[in-house]
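Chain by chain, the residues:
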Amino acid sequence: MEPKTKDRLAMEYAYNLKNSQVENGFKPDESWKLSLVTDIEKAAIERGYYPTLSEKVLPEGLPELLRLIGVQLQKAGINFNSTPVPQDAVLSGLQYIVAFNPGRLR
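Let us look at the structure shown here. Owing to the predicted nature of the structure, the values given are computational and were not obtained by experimental measurement.

### Remarks on the overall build of the protein
- Regarding its fold elements, the protein presents three helices and four strands.
- Beginning at the N terminus, the succession of helices and strands in the protein can be written as α-β-α-β-α-β-β.
- For 106 residues, the compact-globule estimate of 2.2 N^0.38 gives 13 Å, and the protein sits close to it at 13 Å.
- For the protein, the spread of C-alpha atoms along the three principal axes comes to 35 × 30 × 25 Å.
- Counting every position in the protein, which comprises 106 residues, the buried fraction comes to 37%.

Encoded structure:
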């Protein structure tokens, strides 16, 4: 089986966010926050917020994947905010893209 391309992964991520948004009854003014995080930060977000959606990615692929996900979310009309990509994303141990709604605490 071939590994997923970044475009395919971005489309699936946007699709899953849209489904989660519908399943959890998001209001039109609610939005997702996309963050690049380490495994420890991911666990903390998952403990603090619901729903969350995460995807593990090689650190060197994070900036491009975050950009592609943003494009897909805009096409789907999904509200989101994303954190800027740090210059040292590869060195800082970032491994995940995590989406959560800051207004929906667990």
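Past the structure itself, the notes keep going.
### Here's the deal with the side chain of Asn101
- As for its placement among the helices and strands, Asn101 is situated in the segment after strand 4 (96-100).
- Within the structure, the side chain of Asn101 is placed 3.4 Å from the side chain of Glu30, a separation counted as a polar contact.
- Residues in contact with Asn101, not counting those within four places in the same chain, are Phe26, Glu30, Ser31, Trp32, Tyr49 and Pro51.

Conventions and cut-offs
- Residues numbered from 1 in each chain as written.
- Predicted model: local features only at pLDDT ≥ 70, side-chain atom pairs only at ≥ 80, totals over all residues.
- Heavy atoms only, no water.
- Helix = DSSP H or I, 4+ residues; strand = E, 2+ residues; numbered from the N terminus.
- Rg over C-alpha atoms; globule rule 2.2 N^0.38 Å.
- Buried < 20%, exposed > 50% of the residue type's maximum accessible area, 1.4 Å probe, protein only.
- Polar contact = N/O pair within 3.5 Å; in protein donor to acceptor, adjacent residues only side chain to side chain.
- Contact = heavy atoms within 4.5 Å.

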